[in-house]
Amino acid sequence: MDFKIGAIDTCKPLNNDVANLPTTNAAIIQTPTVPLFNSPDSTLGRHLARRLVQIGITDVFSVPGDFNLTLLDHLVAEPELNLVGCCNELNAGYAADGYARARGVGACVVTFTVGGLSVLNAIAGAYSENLPLICIVGGPNSNDYGTNRVLHHTIGLQDFSQELRCFQTVTCNQAVVNNLGDAHEMIDNAISTCLKESKPVYISISCNLPGIPHPTFSHDPVPFVLSPRLSNMMGLEAAVEAAAEFLNKAVKPVLVGGQKMRVAKACDAFVELADGCGYAVAVMPAAKGLVPEYHPHFIGTYWGAVSTAFCAEIVESADAYLFAGPIFNDYSSVGYSLLLKKEKAIIVQPDRVTIGNGPAFGCVLMRDFLSALAKRLKHNPTSYENYHRIYVPEGHPLKCEPKEALRVNILFQHIQNMLSGDSAVIAETGDSWFNCQKLKLPQGCSYEFQMQYGSIGWSVGATLGYAQAAPEKRVIACIGDGSFQVTAQDISTMLRCGQRTIIFLINNLGYTIEVEIHDGPYNVIKNWNYTGLVDAIHNGEGKCWTTKVYCEEELVEAIETANGVKKDCLCFIEVIVHKDDTSKELLEWGSRVSAANSRPPNPQ
């Protein structure tokens, strides 16, 4: 039986799963009423617009340029598609990234080369985070290919392939559409590959083609099939048998969730396993939000020396640990300092299971493996009981004196109290990583940050995209002043879209995360009047409220206003803190990453 995908709800991620399409059978996009050939709707541009709507996209982030203007006309003409104009291509890409996190797939449209190379950094970030994102570029006139002409918006060579070659390394499929004959198949193949691989794709469409009718856009199209990936059943059984034997003989095993559970669509299966086995349950930092923190055996974030209190002690003292979808890079391993032993670990990747020093089982899907393993493990709560035995409730920050300068730990204590099931937290690269990790997410509260790529400024665009995809959520974004300076312009787009995000701009006069890795004069930035800047961007158009806070009393008043009379406004709260007011976790992490970066060359 085929699944027909014709509504947004089908593609909305469940439990933070990206591109949560049906997995048990082939999925075929449902084709709407077929337009007549030579009608205004039987064009390449309208076909692409309809395809985007069919996979669940209702907002496309764009920056106009002469090569994409005709294509934008056709996207605007699609009644179920909203074109969101951004201030620059980088932010359009970041917005599509944030949109994909909330909706399951995102899209942006830019112009050839000057736009394409500007958005490239955002596409690379989405690739690193396994996000399905469709990057559409308005390309040169089809008649210019192969003519040895030099075009504007290029680097002045007669070869137009520079942009394509750049995108080949950060996308899983590339379609250069410069004729109508195979345009339909190329576009469908790119979109289906995007959804199957959960990675970005690149589609370039010649600027003279979007408005031309063609028979393939008016008759029943080539079926748009998403074939399911299946586990090798013998391999699955062998992997489950070996893993069950490995874990059942352990005294105090633990479970740790990693960020690749999202792309593997295995979050529910992980919770099923946690419910069945009774082990202590932790997450790696980039997986925060993928596992419910209200789970009875949840013990926090495992991040080596900067883990949440008492979590590392339980994980690293375990005699067996199962990691589901981990990425062990220099950031997540705190400069390669994790106290883990390979022979104690089961590593479960989206389609592969490795037990200790071997054996490894390929063609085994994570969700199938975790679900099957849940039925084979003995209930063993020892590791959680050990955690409960050593756990000491964390103390509250020292109370501020009246009008005392605001401290960051006080700020995040109040942000914690703001969170509800209707909230979504966006954490920018920097000290917000560490402070937001300590937030306890209530049921329904979403959480996003970009740890693998760690591009400063990501959060402004991502907040725009996430809020556009999930208007029912009140997004709370925690952004440092250095990061904000990179991408501040698209506060403008948030206002145009009528968003009601709360932005905490943490003004500590520089790149604090870089200071703790390696300090220098380059980490000091020019201080801005950030509230004044946002007021100027507001310019009396749209709903916006700004304030600047220096002490706890002012912070409390600002939060009450943002949640009260200004609850339907974009609220921008600039928080003034001391430049050296950082979390202890950042201090520890920074010193270890610095040591890893400073290792001398190996002897030749």
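Residues numbered from 1 in each chain as written. Predicted model: local features only at pLDDT ≥ 70, side-chain atom pairs only at ≥ 80, totals over all residues. Heavy atoms only, no water.

### Quick word on helix H7 (residues 183-197)
To keep it simple, the criterion reads: A run of H or I in DSSP counts as a helix once it spans at least four residues, and a run of E counts as a strand once it spans at least two, with each numbered from the N terminus. Expected helix span is computed as 1.5 Å times (number of residues minus one). Exposure is judged per residue with a 1.4 Å probe applied to protein chains only, and the accessible area is read against the type maximum: over 50% gives exposed, under 20% gives buried, and values in between give partly exposed.
For H7, spanning 15 residues, the distance from its first C-alpha to its last is 21 Å, which sits close to the expected 21 Å at 1.5 Å a residue. Inspection of H7 places Ala-183, His-184, Ile-187, Asp-188, Ala-190, Ile-191, Ser-192, Thr-193, Cys-194 and Leu-195 among the buried residues, and these make up the whole buried set.

### Examining empty space enclosed by the protein
Using the following cut-off: A cavity here means a set of points on a 1 Å grid, drawn over the protein atoms and nothing else, where a 1.4 Å probe fits but cannot get out; a pocket is an open set with protein on both sides within 12 Å along at least five of seven lines, and a residue lines either one if it has an atom within 4 Å of a point. Grid points are joined across faces, edges and corners, and a volume is the space filled by probe spheres set on the points. Classification convention: Asp, Glu, Lys, Arg as charged; Ala, Val, Leu, Ile, Met, Phe, Trp, Tyr, Cys, Pro as nonpolar; all other residues, Gly among them, as polar.
Applying the stated criterion to the full structure yields 6 cavities of 30 Å³ or more. Roughly 210 Å³ of internal volume is contained in the largest cavity. As for the largest cavity, its lining consists of 20 residues, of which Thr-429, Gly-430, Asp-431, Gly-480 and Thr-512 are closest to the centre. If you list the elements that add at least two residues to the lining of the largest cavity, you get helix H15 (431-437), helix H17 (481-487) and helix H19 (512-517). Classifying every residue of the lining of the largest cavity gives 5 nonpolar, 10 polar and 5 charged.

### Quick look at the pairing of strand E6 (residues 133-139)
Which entries qualify depends on this criterion: Only when DSSP finds a minimum of two bridges between them are two strands counted as paired. Think of it like this: strands point away, you trace from the first strand over the helix to the second, and a clockwise trace means the crossover is right-handed.
Most of E6 is tucked away: 7 of the 7 residues are buried. The alternating pattern of E6 places Leu-133, Cys-135, Val-137 and Gly-139 on one face and Ile-134, Ile-136 and Gly-138 on the opposite face, and all of these are buried. Where strand E5 (residues 106-111) and E6 come together, 6 bridges link them in parallel fashion. Bridge pairing in E6 places Cys-108 opposite Cys-135. Handedness of the crossover joining E5 and E6 through helix H5 (residues 116-128) is recorded here as right-handed. The sheet contact formed by E6 and strand E8 (residues 201-206) spans 6 bridges and is parallel. The residue bridging Gly-139 from the neighbouring strand is Ser-206, located in E8.

### As for the packing of helix H4 (residues 89-103) against H5
Just so we agree on the cut-off: Note on geometry: axes are C-alpha line fits, over the in-contact stretch for helices, and angles between N-to-C directions span 0 to 180 degrees. With respect to orientation, any angle under 35 degrees is reported as roughly parallel, any angle over 145 as roughly antiparallel, any angle of 65 to 115 as roughly perpendicular, and every other angle as oblique. The hand of a helix crossing depends on one turn: near helix anticlockwise from the far one by less than a right angle means left-handed, and clockwise means right-handed. The contact rule is simple, with two residues in contact once any of their heavy atoms fall within 4.5 Å.
As a packed pair, H4 and H5 sit with axes 6 Å apart at the nearest point and diverge in direction by 20°. By the angle between their directions, the pair H4 and H5 is classed as roughly parallel. Crossing of H4 against H5: the hand is right-handed. Residue-level contacts link Glu-89, Leu-90, Gly-93, Tyr-94 and Asp-97 of H4 to Ser-118, Val-119, Asn-121, Ala-122, Gly-125 and Ala-126 of H5. Looking at side-chain class alone, the contact of H4 with H5 contains 5 nonpolar, 4 polar and 2 charged residues.

### A look at the pattern of salt bridges
Quick note on the threshold: Here, a salt bridge means any Lys or Arg side-chain nitrogen found within 4 Å of an Asp or Glu carboxyl oxygen.
The full count for this structure, using the stated rule, is 18 salt bridges. Between Arg-51 and Asp-188 there is a salt bridge, with its nearest N and O atoms 2.6 Å apart. Taken together, the positions of Arg-51 in helix H2 (residues 44-54) and Asp-188 in helix H7 put the pair 137 residues apart, joining distant regions of the chain. In terms of burial, Arg-51 and Asp-188 fall into one category: buried. Between Lys-375 and Glu-272 there is a salt bridge whose closest N-O contact spans 3.4 Å. Within this pair, whereas Lys-375 is found in the loop between helix H12 (366-374) and helix H13 (382-390), its partner Glu-272 is found in helix H10 (residues 267-277), the two being separated by 103 residues in sequence. What emerges from the salt-bridge pattern is a single network uniting Asp-97, Arg-101, Glu-129, Arg-262 and Glu-448.

### Things to note about the sheet that holds strand E19 (residues 474-480)
The strand order E18-E17-E19-E20-E22-E21 describes an open sheet built from 6 strands, whose pairing is parallel. The open sheet has two free edges, formed respectively by strand E18 (446-449) and strand E21 (544-549), since each of these has just one partner strand. The mean angle between the axes of side-by-side strands here comes to 15°, regardless of whether they run parallel or antiparallel. Bridge count for strand E17 (residues 423-427) against E19 is 5 bridges, and the pairing is parallel. Residue pairing in the sheet places Val-425 in a bridge with Ile-476 of E19. Of the strands in this sheet, E19, strand E20 (502-507), E21 and strand E22 (570-576) touch helix H21 (residues 552-563), which is tilted by about 170° from E21.

### What to know about the UniProt feature "binding site: Mg(2+)" (unreviewed entry) in the chain
Condition: UniProt positions are given in the numbering used here, feature names are shortened, and annotations may be inferred rather than shown by experiment.
The sites that UniProt annotates as "binding site: Mg(2+)" (unreviewed entry) are Asp-481, Asn-508 and Gly-510. Of the residues just listed, which span 30 residues, no C-alpha pair is farther apart than 6.9 Å, and they cluster in one region. Lining the largest cavity, from the residues just named, are Asp-481, Asn-508 and Gly-510. Relative to the elements of secondary structure, Asp-481 occurs in helix H17. Classification of Asp-481 as buried rests on a relative accessible area of 0%. In contact with Asp-481, other than residues within four places in its own chain, are Leu-505, Ile-506, Asn-507, Asn-508, Leu-509, Gly-510, Ile-525 and Tyr-530. The contacts of Gly-510, once residues within four sequence positions are left out, are Asp-481, Gly-482, Asn-523 and Ile-525.

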